[in-house]
2 protein chains.
Amino acid sequence: MTTPHALDGVTVEIYDTTLRDGAQQEGMNLTVADKMAIAPLLDELGVAVIEGGWPGAIPKDTEFFGRVSKELELPRAQVAAFGATRKAGARVHDDVQVRALLDSEAPIVTLVAKSDVRHVERALRTTAEENLAMITDTVRYLREAGRRVIVDAEHFFDGYRFDRDYALGAVDAAFAAGASDVVLCDTNGGMLPEWVHAIVSDVAARAGGTLGIHAHNDSGCAVANSVAAVVAGARHVQGTINGYGERTGNADLLAVVANLELKLGARCLAPGALAESTRIAHAVSEVTNIPPYGRQPYIGASAFAHKAGLHASAIKVDPDMYQHIDPTLVGNDMRMLVSDMAGRASIELKGRELGFDLAGQPELLTRVVDRVKNAEAQGYTFDAADASFALMLREEIDGARPAFFRVESWRASVNYSERVGGDGESEATVKLHAGGERVVRTGEGNGPVNALDHALREALVGVYPEIESFELVDFRVRLLDTSHGTDAVTRVLIETTNGSEVWSTVGVGANILEASYEALVDAIVYGLVAGGVEVR
Amino acid sequence: MTTPHALDGVTVEIYDTTLRDGAQQEGMNLTVADKMAIAPLLDELGVAVIEGGWPGAIPKDTEFFGRVSKELELPRAQVAAFGATRKAGARVHDDVQVRALLDSEAPIVTLVAKSDVRHVERALRTTAEENLAMITDTVRYLREAGRRVIVDAEHFFDGYRFDRDYALGAVDAAFAAGASDVVLCDTNGGMLPEWVHAIVSDVAARAGGTLGIHAHNDSGCAVANSVAAVVAGARHVQGTINGYGERTGNADLLAVVANLELKLGARCLAPGALAESTRIAHAVSEVTNIPPYGRQPYIGASAFAHKAGLHASAIKVDPDMYQHIDPTLVGNDMRMLVSDMAGRASIELKGRELGFDLAGQPELLTRVVDRVKNAEAQGYTFDAADASFALMLREEIDGARPAFFRVESWRASVNYSERVGGDGESEATVKLHAGGERVVRTGEGNGPVNALDHALREALVGVYPEIESFELVDFRVRLLDTSHGTDAVTRVLIETTNGSEVWSTVGVGANILEASYEALVDAIVYGLVAGGVEVR
């Protein structure tokens with residue numbers, strides 16, 4: 001078997017297709033501005049190639065290529081334009097789609113080509129011979145224009161199984177015409193790793209150039225299939241950040257890279273870049289606006305989060321005993337989760353993480369564990385609300401939370417009393433006591449929660465100017481019992497920042513306003529506590 | 001290489017640990033009632049064993065075992081109690097934890113045992129020899145009590161690499177004492193498939209009983225590792241529904257099973273049960289209240305969803321050309337997604353899916369594509385809102401949507417004017433025209449959206465009694481630009497049912513109320529249209 005570091009010294013070219021194949025994902029809709037924001041993040045990772053889209057076929061991709069070379073500094077990565085081989089029965093010089101690839105001025109052109117004869121006949125509706133001619137003509141034409149040409153052999157694995165000779169013939173045609181790489185695509189994502197290993201080994205034994213792998217996750221094996229292909233001889237890997245892509249997605253590029261670099265010793269990204277992968281993957285999801293998947297290997301928020309009491313006690317002895325890698329190698333952190341499964345050990349570790357030394361305070365630990373259990377039964381969750389948990393912990397330690405202010409009452413109202421289509425008016429009024437005075441403030445906003453947020457700040461900022469710097473950066477709403485629709489209990493999780501740190505709080509209530517109120521108050525109190533502000 | 005159907009005729013025992021190891025997942029908090037609700041679903045799938053929890057260690061697990069045998073009919077599955085080998089230096093007869101396993105009356109006991117000598121010495125803090133004696137004593141004791149005993153060899157793969165002889169010695173001790181299966185656990189989830197294949201092959205060549213595999217997904221290879229182990233000789237697979245579990249989760253049991261049954265020919269579940277897996281996996285997520293992951297292999301909502309215009313045209317020719325399996329084999333469906341990437345082909349297919357024949361109406365198709373692009377630019381998404389898309393399509397076809405009613409104005413207000421802690425009052429007033437009359441109704445609710453929902457229904461039910469049967473079953477809120485916190489544009493997706501069908505609608509607005517209003521109105525209009533109701 002391949003041993004750890006079996007690929008020491010091997011270099012693998014990383015080809016990112018987040019902006020093209022990744023954008024096929026359900027619910028994803030990348031603007032040109034989004035693509036312009038993501039490309040520098042990919043370059044920072046040190047991927048060798050950034051596939052930007054299909055100029056000519058998709059207008060905003062044409063615009064992207066027009067802007068990228070002028071507006072972006074990409075010191076490490078080259079940009080690739082994706083397109084197809086020439087039309088059947090036509091001359092490549094007359095093919096407008098091929099022309100658009102040249103016009104994009106991308107130094108690399110990646111051509112999708114058929115290698116499964118069934119697709120040639122039923123989707124392209126042309127002959128096996130003509131398809132090979134289309135590959136030869138288009139690759140040669142683009143090479144003569146001075147471009148590096150990569151050929152994506154679509155449906156290669158299915159095609160190889162159905163007609164090995166034809167699939168191999170397509171690979172040979174591409175290399176013969178001057179392609180630098182032929183990428184074997186598991187377009188339907190149905191392969192298993194040992195199949196990929198066997199087929200890539202067979203092709204590598206006779207291929208006239210560098211082979212690549214392009215995997216999809218339909219069998220749940222995209223990462224494993226990509227690694228298996230490299231072990232079998234592929235030296236070019238295509239994938240997407242966060243595994244974005246149509247259906248079940250493409251291979252999660254950063255998981256593939258982490259496996260290749262950390263477990264097999266290959267070189268993929270710029271030196272040190274892997275340690276930026278968690279930050280960059282999350283930055284990309286900020287742009288795509290697709291919530292990060294907590295269980296994502298290596299870079300997920302939960303990837304190194306430990307909950308089991310069983311493990312927690314051992315983790316105190318040695319974290320490496322329960323982690324497959326050191327999380328800092330991918331820029332992630334170990335986290336202890338607080339839940340009713342947590343024993344004292346994990347609460348103690350969580351406390352330490354938050355700066356409380358609870359060692360040797362068994363009664364306190366017991367009280368906190370009980371309180372967590374009760375709160376979770378009501379719908380709270382502290383897994384994703386460290387700040388609310390820290391306030392609870394402090395309350396148990398000090399007997400009370402710092403009394404920065406006391407709210408007497410509040411209300412919020414929304415009025416769409418104008419004709420429908422007109423703007424609604426939202427306002428909230430808060431009556432509270434702070435700095436020895438009674439303050440009444442009314443805030444407006446583009447919604448009741450926003451208005452309430454404004455009213456609270458305006459009522460407090462006079463006494464606590466520190467609040468000026470607090471900003472609400474994320475706001476998530478969850479119905480805890482969807483079987484009752486809008487009657488359900490509402491949980492709100494919010495993230496607040498003061499510019500340097502970010503903290504998360506939770507609120508639960510009969511409706512979004514009640515829950516939001518609680519989370520907003522926790523956010524302000526925690527921000528003041530963390531800032532070392534005294535009660536005034 | 002293993003060819004498709006290489007495991008024809010091979011039977012693999014499926015061991016579900018959703019209720020035990022799966023419950024370690026971040027954000028998951030299963031009550032006894034939750035476990036009682038999930039167990040019958042697992043039995044319906046035909047898993048051989050349902051691991052219920054750790055009686056004695058976790059109170060609610062003790063309660064679960066007390067209730068399951070009395071209250072549940074499980075015709076297919078046997079229940080297993082999870083626990084640990086006896087304490088070091090103690091007699092097994094005196095071990096309360098082991099006693100609790102017998103008291104659970106579970107016919108199967110699964111013992112976690114150390115097989116990595118480093119964990120023996122540093123976590124258990126005992127000697128290599130004593131650990132083997134702990135395995136021998138505990139297995140023998142439980143066997144003498146008439147239980148089937150499965151041994152989970154924790155950290156087996158890491159242990160094998162560090163000290164092969166000791167790891168194998170632990171396996172031998174378990175079999176010698178009467179264990180029916182020894183499950184090789186990749187506890188830290190760091191293995192790669194070829195490593196698993198090589199190690200399991202080595203163990204299988206000398207083991208005295210059935211081997212199992214227990215994989216975690218930290219390398220993104222849990223599914224592939226599980227399949228590799230079976231190919232190498234394991235005949236027992238542990239995993240969880242939806243891949244729930246600590247950190248990155250356990251092996252996604254249904255993806256492993258689908259690969260084993262559909263791609264390798266093994267027999268795992270009850271005949272025909274695989275076709276229920278999508279429904280059951282989603283039913284389980286209803287209970288766990290963890291939103292389903294759309295990109296989940298085989299059973300995800302996106303698993304067979306096609307967006308690319310490129311593919312859509314070919315899919316019209318033959319769906320199998322772009323799918324690795326027939327989705328109905330796992331109870332899933334092919335879906336066409338509507339987005340600004342969609343060409344006319346996918347809009348046409350989507351229309352057909354919704355019952356509109358758009359073939360040969362190019363102008364209409366162009367209008368719809370343009371409208372979709374504009375709407376998505378404003379924040380709408382139709383991927384998850386078929387009903388709103390259908391209404392838009394109908395509007396383009398008929399020139400207008402059916403005028404069941406016309407809303408003149410509405411407002412909603414929330415009042416927490418009492419002391420904080422008291423209940424808030426939410427109410428909404430709607431003024432609309434329906435059935436030739438002007439109707440003004442005020443609705444109350446436990447929140448402004450709920451009140452608005454009630455006001456709309458109350459204003460319309462007189463003229464359209466069909467609305468009586470509509471119920472809002474899911475309600476999701478998303479901020480589209482989280483960088484501005486509560487200032488962001490809000491998107492609301494709601495699901496409504498009439499008892500038989502479920503439909504989804506979308507609304508976008510400056511705040512949750514404006515967005516909810518739009519989605520609620522769409523939901524009512526679509527329900528009336530789908531019900532064949534005439535404008536009154």
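Because the structure is predicted, anything quoted here is derived from the model rather than measured.

## Brief notes about the UniProt feature "domain: Pyruvate carboxyltransferase" (unreviewed entry) in chain A
Thinking step 1. The UniProt record marks residues 12-279 of chain A with the feature "domain: Pyruvate carboxyltransferase" (unreviewed entry), using the residue numbering of this structure.
Thinking step 2. Secondary structure over residues 12-279 of chain A splits into 43% helix and 17% strand, and the C-alpha atoms at its two ends are 22 Å apart.

## A word on a negative patch on the surface
Thinking step 1. Together, Glu425, Glu427, Glu444 and Glu458 of chain A make up a negatively charged patch on the protein surface.
Thinking step 2. Residue Glu425 of chain A is classed as partly exposed on the basis of its relative accessible area, which comes to 49%.

## Description of the sheet that holds strand β5 (residues 148-154) of chain A
Residues and elements named next belong to chain A.
Thinking step 1. Ordered by their spatial adjacency, eight strands build a closed barrel running β1-β2-β3-β4-β5-β6-β7-β8, and the pairing between neighbours is parallel. Recorded for the sheet is a direction-independent mean angle of 25° between the axes of neighbouring strands.
Thinking step 2. Where strand β7 (residues 210-215) meets strand β8 (residues 236-239), three bridges bridge the pair, whose relative direction is parallel. Its bridge partner being in β8, His214 is matched across the sheet by Gln238.
Thinking step 3. In the packing of helix α7 (residues 164-176) onto the sheet, contacts are made with β4 (108-114), β5, β6 (181-186) and β7, and the angle to β6 comes to roughly 150°.
Thinking step 4. On top of the sheet, helix α8 (residues 193-204) reaches β6 and β7; it is set at about 155° to β7, its chief contact.

## Notes on the environment of Gly532 of chain A
Residues and elements named next belong to chain A.
Thinking step 1. Considering the arrangement of structural elements, one finds Gly532 in the segment after α17 (512-530).
Thinking step 2. In this structure Gly532 comes out as exposed when scored by relative accessible area, which is 53%.
Thinking step 3. Taking the C-alpha atoms as reference points, Gly532 and Asn498, 34 residues apart in sequence, are found 13 Å from one another.

## What to know about the sheet that holds strand β3 (residues 78-84) of chain B
All names here are of chain B.
Thinking step 1. Strand order around the closed barrel formed by eight strands is β1-β2-β3-β4-β5-β6-β7-β8, with parallel pairing between neighbours. Taking the axes of each pair of neighbouring strands and ignoring which way they run, one obtains an average angle of 25° across the sheet.
Thinking step 2. Pairing geometry for strand β2 (residues 49-53) and β3, over four bridges, is parallel. Counted as the bridge partner of Ile50 is Val79 from β3.
Thinking step 3. The sheet strands contacting helix α1 (residues 32-45) are β1 (13-16) and β2, and the helix crosses β2 at an angle near 170°.
Thinking step 4. Contacts from helix α5 (residues 128-144) reach β3, β4 (108-114) and β5 (148-154), with the element oriented near 175° to β4.

## So, the domain arrangement of chain A
Thinking step 1. Taken as a whole, chain A is organised into domain 1 (13-288), domain 2 (305-371), domain 3 (378-404 + 464-536) and domain 4 (407-460).
Thinking step 2. Between the C-alpha centres of domain 1 of chain A and domain 4 of chain A there is a distance of 52 Å.

## Some thoughts on α5 of chain B
All names here are of chain B.
Thinking step 1. In this model α5 runs 25 Å from its N-terminal to its C-terminal C-alpha over 17 residues, within 8% of the 24 Å that 1.5 Å per residue would give.
Thinking step 2. Those residues of α5 not exposed but buried are Ala128, Glu130, Asn131, Met134, Ile135, Thr136, Thr138, Val139, Tyr141 and Leu142.
Thinking step 3. Those residues of α5 that are buried lie in contact with β3, α3 (96-103), β4, α4 (117-124), β5 and α7 (164-176).
Thinking step 4. Gly146 sits one or two residues past α5 and shows a positive phi near 85°.

## Details of the pairing of strand β13 (residues 437-445) of chain A
All names here are of chain A.
Thinking step 1. Alignment of strand β12 (residues 425-434) against β13, held across nine bridges, turns out to be antiparallel. Following the sheet pairing, Ala428 is matched in β13 by Gly443.
Thinking step 2. Joining the antiparallel neighbours β12 and β13 is a turn of two residues, in which Gly435 adopts a positive phi near 55°.

## Thoughts on the pattern of salt bridges
All names here are of chain A.
Thinking step 1. Going through the model one piece at a time under the given rule, you end up with 60 salt bridges over all chains.
Thinking step 2. One salt bridge connects Glu396 with Arg371, and the closest N-O pair in it is separated by 2.9 Å. Placement of the pair is Glu396 in helix α15 (residues 386-398) and Arg371 in helix α14 (residues 362-378), with a sequence separation of 25 residues.
Thinking step 3. Glu396 gets classed as buried once you look at its relative accessible area, which sits at 16%.
Thinking step 4. Put simply, Arg367, Arg371, Glu395, Glu396, Arg401 and Asp522 are held in one network by salt bridges that share partners.

Cut-offs used in this document
Residues numbered from 1 in each chain as written. Chains lettered and ligands numbered in written order. Predicted model: local features only at pLDDT ≥ 70, side-chain atom pairs only at ≥ 80, totals over all residues. Heavy atoms only, no water. UniProt positions renumbered as here; feature names shortened; annotations may be inferred. Helix = DSSP H or I, 4+ residues; strand = E, 2+ residues; numbered from the N terminus. Patch = residues over 30% accessible without salt bridge, like charges linked within 9 Å, V, L, I, M, F, W, Y side chains within 5 Å. Areas by Shrake-Rupley, 256 points an atom, 1.4 Å probe, with all protein chains shown as cover. Salt bridge = Lys/Arg side-chain N within 4 Å of Asp/Glu carboxyl O. Lys, Arg positive; Asp, Glu negative; His and termini not counted. Charge placed at Lys NZ, Arg CZ, Asp CG, Glu CD. Buried < 20%, exposed > 50% of the residue type's maximum accessible area, 1.4 Å probe, protein only. Pairing = 2+ DSSP bridges. Axes fitted to C-alpha atoms, helices over the stretch in contact; angles between N-to-C directions. Contact = heavy atoms within 4.5 Å. Domains from an automatic or database assignment. Expected span 1.5 Å × (residues − 1).

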